[in-house]
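Here is what each chain is made of, one letter per residue.
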Amino acid sequence: YGNGDIIGIALDLDNQKIYFSKNGTYQASGDPAAGSNAAFTNLVAGTQYRFCVSHAGSSATDVSMNAGQLPFNTAAPTGFSPMSTANLPDPAITDPKRYFGTLLYTGNGTTGQTVTGLETTSGTSWTPDWVWIKPRSAAYNSKLFDSVRTLGFSLESSTANAEADLSAEFIGFADGGFQVDDNGSNNINQSGITHVAWCWEAGGGGSSNSDGSVTSSVSNNSTANFSIVKYTGTGSGNSTVGHGLGTTPTFIICKHLDRSQNWRVFHTAEGVGETGFLNTTDAFAADPDRISAVSSTTFTAKSNMNESAEYIAYCFADVEGYSKFGGYTGNGSTDGTYVHLGFKPAFLFFKVGSTSDAWQIYDNKRRNRNAYGESIAPNSNAVEGSFSERVDLLSTGFKTRSTNTAINGSGENYVYAAFAHSPFKTATAFGIES
């Protein structure tokens, strides 16, 4: 190789082959289009390969890398695409801000504070159907409101309590957000207290769904794969419940409304035989009172999830470039596990499934730069944590940065739920910060 030579790389991941060219001519008669005479074959999935440039002299040598930021000097071989985000598939949701958003506000202790700011990148506002509010600067329980249950009736993610009537304090959903009243006793508008509110759009008020053995009331957003499901159990055996998604849920949070009972969490990474409890630090474990037999139309409610009483379930399924629900294994290092999502997360919710430890929530509104350490534990009423580096939110996923067992214990298994700030393909349209 001499000064000015251009070395090209053609990578065929379908057939595990790689080719190298010099100034447009592939070496050793390599023909990527025909799939013949590759420089190397049988590349192994999951293995990291490094292409290195070196020289034998003692003087400095400058090497420039074109990874798609500039036009290539020769056309890509037939069947190959230049390395460019433009060649990635179009995401199903180009603007995640249309269906999920985080709002920050400070309570004012007065009547009728309207909290707004839910809007698309172009500035169009929308009305949420599920709002999850947590005081940040005071040790108060979080409050969850949705458009299917009675307006203003609240649940607490950190307790097993039945729903409570807070209609005098949570006035309702509004264009671009929601409205809260004076602080009363519920602590969602107490003067001087900072709050975070995570908001999702479903499909407005619930509609009747008869896909299951019991009739459910469902508010569904088929684009964002999110539904709010209210049903009444039979008190005998198992019931199937229609969830309205039209695809198999990968994440379900369910709660008894009429009495004190733990939240049940189904997560695809743990499987239908295991249950997590949102209001405790318990590990995922086998549970007879579980959500099971999840399909594209229904889930099965067993035992305590099928008493003669009312229940609410929040159901999600993956949407490429917008939401993902999966698992990872910790490595116990500050150079932690990287998890690929295909988007930059705006909201990250996870739990070590194999041991007892707190749930964790991070978002890009309470902090907008790496590394994130401002954790909220939804199983606790504690104030917002402020830890040293715990997680990086990256353009294509997240990377753990802590040895803490709540996030990255060596050999421990974790489950996560993530919602996008921006799909990787269109990331530059959304800017770096939130």
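Above this note sits the structure.
An account of the accompanying structure is given in this report.

What counts, and at which threshold
Throughout, residues of each chain are indexed from 1 in the direction in which the sequence is written. For a predicted model such as this one, the threshold for reporting local features is a pLDDT of at least 70, and the threshold for listing and counting side-chain atom pairs is 80 or more; totals across whole chains, interfaces and linings nevertheless cover every residue. No hydrogens and no water enter the side-chain calculation; it runs on all heavy atoms of the structure. To pair, rings of Phe, Tyr and Trp, with the six-membered ring standing in for Trp, must have centres within 6.5 Å; the planes then decide the type, stacked if under 30 degrees apart, edge-to-face if over 60, and tilted in the middle. Strands are runs of DSSP state E lasting at least two residues, helices are runs of H or I lasting at least four, and both sets are numbered from the N terminus onward. Think of it in three bands: residues with accessible area under 20% of the maximum for their type are buried, residues over 50% are exposed, and the middle band is partly exposed, with areas taken using a 1.4 Å probe on protein chains only. We call two strands paired when DSSP finds no fewer than two bridges between them. Interaxial angles span 0 to 180 degrees and are taken between N-to-C directions of axes, which are lines fitted to C-alpha atoms, for helices over the stretch in contact. Nonpolar core, defined: a set of buried Ala, Val, Leu, Ile, Met, Phe, Trp, Tyr and Cys residues in which side-chain atoms within 4.5 Å join the residues together. We call two residues in contact when some of their heavy atoms are within 4.5 Å. A side-chain nitrogen of Lys or Arg and a carboxyl oxygen of Asp or Glu constitute a salt bridge if their distance falls within 4 Å. Polar contact is defined as a pair of N or O atoms within 3.5 Å, subject to the rule that within protein one atom must be able to donate a hydrogen and the other to accept it, and that residues adjacent in sequence are counted only when both atoms are side-chain atoms.

**Side note on the packing of aromatic side chains**
Applying the stated criterion to the full structure yields 39 aromatic pairs. Ring geometry for W130 versus Y314: centroids 4.2 Å apart, planes at 15°, classification stacked. Taken together, the residues W130 in strand β6 (residues 130–135) and Y314 in strand β23 (residues 310–316) connect sequence positions 184 residues apart. Each member of the pair, W130 as well as Y314, is classed as buried.

**A few points about the sheet that holds strand β30 (residues 413–423)**
With respect to topology, four strands assemble into an open sheet ordered β24-β30-β26-β27, the strand pairing being antiparallel. Each of the sheet's edge strands pairs with one partner strand only, and the pair in question is β24 (323–329) and β27 (360–363). Neighbour-to-neighbour, the strand axes of this sheet turn through a mean angle of 20°, independent of strand direction. In the sheet, strand β26 (residues 343–352) pairs with β27 via four bridges, with the strands oriented antiparallel. Note that in β27 the partner of L348 across the bridge is Y362.

**Looking at the environment of G109**
One can find G109 in the loop between β4 (100–106) and β5 (113–116). Linking G109 and D182, residues 73 residues apart in sequence, is a C-alpha distance of 4.8 Å.

**As for the environment of G246**
Tracing the backbone through its elements, the reader meets G246 in the loop between β16 (239–242) and β17 (251–256). When the C-alpha positions of G246 and N220 are compared, they lie 9.6 Å apart, and in sequence the two are 26 residues distant.

**Notes on the nonpolar core**
Ranked by size, the top nonpolar core spans 37 residues in total, and within it W200, Y314 and F349 carry the most contacts. For this core, the secondary-structure elements that each account for two or more residues are β6, β12 (194–200), β15 (226–232), β17, β23, β26 and β30. Excluding residues within four positions of it along the chain, F349 makes contact with W132, F251, I253, L278, W359, Q360, I361, P378, V415, Y416 and A417. Y231, L245, F266 and I291 belong to the second largest nonpolar core, which has 19 residues in total.

**Topic: the pattern of salt bridges**
Taken as a whole and judged by the stated rule, the model has 16 salt bridges. Its salt-bridge partner being E156, residue K143 comes within 2.6 Å of it at the nearest N-O pair. On the criterion of sequence distance, the pair formed by K143 in strand β7 (residues 143–146) and E156 in the loop between β8 (153–154) and β9 (164–165) is long-range, its members being 13 residues apart. There is no split in this pair, since K143 and E156 are both buried. Where R401 meets D335, a salt bridge forms, and the shortest distance between an N and an O atom there is 3.9 Å. Taken together, the positions of R401 in the loop between β29 (397–400) and α1 (405–408) and D335 in the loop between β24 and β25 (338–340) put the pair 66 residues apart, joining distant regions of the chain.

**With respect to the pairing of β26**
A regular strand places its side chains so that they alternate between the two faces of the sheet. Judged by how many residues are buried, β26 sits mostly within the fold: ten of ten residues are covered. Strand direction decides the pairing type here: β26 and β30, joined by nine bridges, are antiparallel. Bridge pairing in β30 links K351 to V415.

**Some details on the sheet that holds strand β2 (residues 17–22)**
Taken in spatial order, the three strands of this open sheet run β1-β2-β3, and their pairing is antiparallel. Looking at strand neighbours, the two that pair on one side only are β1 (7–12) and β3 (25–26), the edges of this open sheet. For β2 and β3, the ladder comprises two bridges, and the chain directions are antiparallel. The partner of S21 across the bridge, within β3, is Y26.

**Considerations on unusual backbone geometry**
Across the junction of N370 and A371, the peptide omega takes the value -5°, indicating a cis bond. Positionally, A371 belongs in the loop between β27 and β28 (391–393). Positive phi is not limited to glycine here, since N23 has a value of about 55°. Checked against the element boundaries, N23 lands in the loop between β2 and β3. With a phi angle near 50°, S303 is a residue other than glycine that sits in the positive phi range. Inspection of the secondary structure puts S303 in the loop between β22 (298–301) and β23. For S303, a relative accessible area of 37% translates into the label partly exposed.

**Focus on the side chain of S323**
Tracing the sequence through the fold places S323 in strand β24. Of note is the side chain of S323, whose polar atom sits 3.4 Å from the backbone oxygen of A317. The contact partners of S323, leaving out residues within four places of it in the chain, are A317, D318, F343, A418 and F419.

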